[in-house]
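Residues per chain are reported as follows:
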Amino acid sequence: MEKDEKRVEELLMLKTIAETLNMGNDLESMLDEVMKKLLQVTGLTTGWIFLINDKGNYELKAEQSLPEGLCYENKKPMCEGDCWCLERYRDGRLNRATNIINCKRIDDAIEYGWGDTENFTHHATVPLKAGDESVGLLNIGSPFKTHFTEEELFLLENVAFQIGAAIKRVQLSENEQKLALLAERNRLAQDLHDSVNQLLFSLSLTARTTKELTSEPRVLDMLSMMQELSQEALMEMKALIWQLRPNGLEKGIGYALTRYCDVIGLKLFKQIQGVGRLPHEVEETLWRIGQEALNNCKKHAQIDEVELSIKKKLNQVDMMIKDQGIGFMYDSAPNLPSVGLASMKERAEKLSGTFQLESQNNRGTTITVSIPIR
Ligand SMILES: Nc1ncnc2c1ncn2[C@@H]1O[C@H](COP(=O)(O)OP(=O)(O)OP(=O)(O)O)[C@@H](O)[C@H]1O
Ligand SMILES: [Mg+2]
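Since we're looking at a predicted model, the values are computed, not measured.

Chemist: How would you sum up the sheet that holds strand β1 (residues 46-52)? Please name residues and give values.
Modeler: Strands sit in the order β2-β1-β5-β4-β3 across an open sheet of five strands; the sheet is antiparallel. Because the sheet does not close on itself, it has two edges, and the strands there are β2 (58-64) and β3 (98-100). Between one strand axis and the next, the sheet turns by 25 degrees as a mean value, whatever way the strands run. Here helix α3 (residues 68-79) sits on the sheet and contacts β1 and β2; the angle it forms with β2, its principal contact strand, is near 130 degrees. Running over the sheet, helix α6 (residues 150-211) touches β1, β3, β4 (123-130) and β5 (133-141) and is turned about 40 degrees from β4.

Chemist: Lay out the pairing of β2 in plain terms, naming residues and giving numbers.
Modeler: Most of β2 is tucked away, with five of its seven residues classed as buried. Relative to β2, β1 is paired through six bridges, and the arrangement is antiparallel. Within the sheet, the bridge partner assigned to Ile-49 lies in β2 and is Ala-62. Between β1 and β2, which pair antiparallel and follow one another directly, the connecting turn spans five residues, one of which, Gly-56, has a positive phi of 90 degrees.

Chemist: Any chance you could break down the packing of α6 against helix α9 (residues 280-300) for me, citing the residues and the numbers?
Modeler: At a closest axis distance of 12 Å, the pairing of α6 and α9 adopts a crossing angle of 35 degrees. Handedness of the α6/α9 crossing: left-handed. Touching Lys-178, Leu-182 and Arg-185 of α6 are His-280, Glu-281, Glu-284 and Arg-288, all from α9. Among the residues making up the contact of α6 with α9, the classes are represented as one nonpolar, one polar and five charged.

Chemist: Go over the coordination of the magnesium ion (ligand 2) with me, naming the residues and quoting the values.
Modeler: Glu-292 (OE) and Asn-296 (OD1) make up the full set of protein donors to the magnesium ion (ligand 2), lying at 2.0 to 2.1 Å. With Glu-292 and Asn-296 both in helix α9 and four residues apart, the pair spans about one turn of that helix. The two residues Glu-292 and Asn-296 agree in class, both being buried.

Chemist: So what's going on with the packing of aromatic side chains? Which residues, and what values?
Modeler: Taken as a whole, this structure holds six aromatic pairs when the rule is applied. Between the aromatic rings of Trp-48 and Phe-120, the centroid separation amounts to 6.1 Å while the plane-to-plane angle is 50 degrees, which identifies the pairing as tilted. Of this pair, Trp-48 sits in strand β1 while Phe-120 is found in the loop between α5 (104-111) and β4, placing the two residues 72 residues apart along the sequence. The two residues Trp-48 and Phe-120 agree in class, both being buried. Positioned above the aromatic ring of Phe-148, the side-chain terminus of Lys-145 is 4.7 Å from the ring centre.

Chemist: So what's going on with the site of ligand 1? Which residues, and what values?
Modeler: By nearness alone, 13 residues border ligand 1, and Glu-292, Asn-296, His-300, Ser-338 and Leu-341 come closest of all. In the model, an oxygen atom of ligand 1 is placed 2.9 Å from a nitrogen or oxygen of the Asn-296 side chain. Between Gly-340 and ligand 1, the recorded distance is 3.2 Å, taken from a backbone N or O atom to an oxygen atom. Relative to its unbound accessible area of 600 Å², ligand 1 is 73% covered by the protein chains. Of all elements in the fold, only α9 and α10 (339-350) reach the threshold of two or more residues within the shell around ligand 1. Sorting elements by how many residues they give to the shell around ligand 1 places α9 first, with four residues. Classifying every residue of the shell around ligand 1 gives four nonpolar, six polar and three charged.

Chemist: Tell me about the domain arrangement of the chain, and name the residues and values.
Modeler: Domain assignment breaks the chain into domain 1 (2-171) and domain 2 (249-374). For domain 1 and domain 2, the distance between their C-alpha centroids amounts to 42 Å.

Chemist: Tell me about the sheet that holds strand β8 (residues 316-323), and please be specific about residues and values.
Modeler: Strand order across the open sheet formed by five strands is β6-β7-β8-β10-β9, with mixed pairing between neighbours. Only two strands of the sheet have a single partner each, and these edge strands are β6 (267-273) and β9 (354-359). On average, each strand axis in the sheet is inclined to that of its neighbour by 10 degrees, with strand direction left out of account. In the sheet, β9 pairs with strand β10 (residues 365-372) via six bridges, with the strands oriented antiparallel. In the sheet register, Leu-357 faces β10, and the bridge partner there is Ile-367. Strands in contact with α9 are β7 (305-312), β8 and β10; relative to β8, the strand with the most contacts, it is inclined by about 10 degrees.

Chemist: Residue-level account of the pairing of β1, with values.
Modeler: Within β1, seven of the seven residues are buried, leaving the element largely enclosed by the surrounding structure. Residue alternation in β1 divides its side chains into two sets, Thr-46, Trp-48, Phe-50 and Ile-52 and Gly-47, Ile-49 and Leu-51, and both sets are buried. As judged from the six bridges shared by β1 and β5, these two strands associate in the antiparallel manner. Among the inter-strand pairings, Gly-47 is bridged to a residue of β5, identified as Ile-140.

The rules we used
- Residue numbers restart at each chain and count upward from 1, following the sequence in its written direction.
- For this description, chains carry letters from A and ligands carry numbers from 1, given in the order in which they are written.
- Given that the model is predicted, a residue must reach a pLDDT of at least 70 before its local features are reported, and side-chain atom pairs must reach 80 or more before they are shown or counted; all residues, however, enter totals for whole chains, interfaces and linings.
- The side-chain figures draw on all heavy atoms in the structure; neither hydrogens nor water molecules are used.
- Any two strands are treated as partners once DSSP identifies two or more bridges connecting them.
- Helix and strand labels come from DSSP, where a helix needs a run of H or I of at least four residues and a strand needs a run of E of at least two; each type is numbered from the N terminus.
- What counts as an axis is a line fitted to C-alpha atoms, over the stretch in contact for a helix, and the angles between N-to-C directions run from 0 to 180 degrees.
- Whether two residues are in contact is decided by their heavy atoms, any of which lying within 4.5 Å being enough.
- Here's how the labels work: a residue is buried when its accessible area is under 20% of the maximum for its type, exposed when over 50%, partly exposed in between, all with a 1.4 Å probe on protein chains only.
- A crossing counts as left-handed when the near helix is turned anticlockwise from the far one by less than a right angle, and as right-handed when that turn is clockwise.
- In this classification, Asp, Glu, Lys and Arg are treated as charged, Ala, Val, Leu, Ile, Met, Phe, Trp, Tyr, Cys and Pro as nonpolar, and every other residue, Gly included, as polar.
- In this listing, donors mean N, O and S atoms no farther than 2.8 Å from the metal, or 3.2 Å for Na, K and Ca; water is missing from the atoms, so a site can look incomplete.
- Classification of ring pairs rests on two measures: the distance between centres of Phe, Tyr or Trp rings, Trp counted by its six-membered ring, which must be within 6.5 Å, and the angle between planes, read as stacked under 30 degrees, edge-to-face over 60 and tilted in between.
- Remark: a charge is flagged as sitting over a ring if the NZ atom of Lys or the CZ atom of Arg is within 6 Å of the ring centre and within 35 degrees of the ring normal.
- The near set for a molecule or strand comprises every residue that places at least one heavy atom within 4 Å of it.
- Pairs of N or O atoms within 3.5 Å make up the polar contacts considered here, provided that, within protein, one atom can donate a hydrogen while the other can accept it, and that residues adjacent in sequence are counted only when both atoms are side-chain atoms.
- Under the convention used here, a 1.4 Å probe and the Shrake-Rupley method define accessible areas, while residue burial counts only the protein chains that appear.
- Boundary definitions for the domains trace back to an automatic or database domain assignment.

Next comes the structure, spelled out in structure tokens:
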């Protein structure tokens, strides 16, 4: 009887967890919620989830009640360095829920005096799997608990399967969203090109031919103005379309920026190394920053030549754009008044990168961007 009751309890727990995992598409809040529920129903106190990518790099995605020693300096012990469970995960030895003898991160916290470890010494480690694919780790435990029974591990393994499948589902839908956004922008660019752009073109043509039908000076003036305005609008539209759909970005960042220099009339000296396969968002960011920097050279530097270098290293990509133009006084205060410079910096920082600008009167301007690649 007691056994039956326990079984019912477990099934209820699995049901609550499945429900939580089916809710929403925000990975962090979903994992946070599921972690809380899992601790509630197992009676354990502490747990965390590492997501691990196919290169073996890990990221802390959820945690509950970490002891003080693991929270040291904004949870640094949980975000850096290796441990035994990750080692086993990476070399393929962690296929099932396991008792880890003791936690290396806790040992380090004690050795380096990062804070109280609150009698938490051991944890169970469970691989998070979606089908055959491993996506991360679930670690869970309690103070003074040094061993997990087969039954406990079996239950955790069951939950881990559900969590793994949910992580995969969210990751796939995030990718889909990105692709949908890209497709939408392409569509918008095409629509603008085919509708507004063509109309503006006809307008400027009509203004020009109408001019030949009159010799009235006031009418001629107004027609010239119409022609100028529609041409200006046409130029702005062209730039907007370029921004929506970076023409040629599919052939790589170097190619796209080279073409952009052609469009705006800048002579380009370039040096590009190893950027054939950059992550999409890195490429897009370099493109947006590059475009703004080249626009600035064209608009402000009073020079028609520019140097571009893009180099990919092991864990980062560096881009430099340099002109020998008139330069300006640059104030790197956090609240930059102008949009162009501020948005270049923001874009780089959004991908945890850096943006630097150096400029001197009559000695040109150089921007340097570095973006880490995971
Ligand atoms: N390469 C450059 N050479 C000389 N001056 C520059 C250069 N880049 C920027 N500047 C100066 O810095 C100012 C701010 O640049 P920023 O790109 O933020 O604004 P903007 O180009 O004037 O307008 P937008 O918001 O359209 O980019 C410019 O107005 C210009 O005076
Ligand atoms: Mg600008």
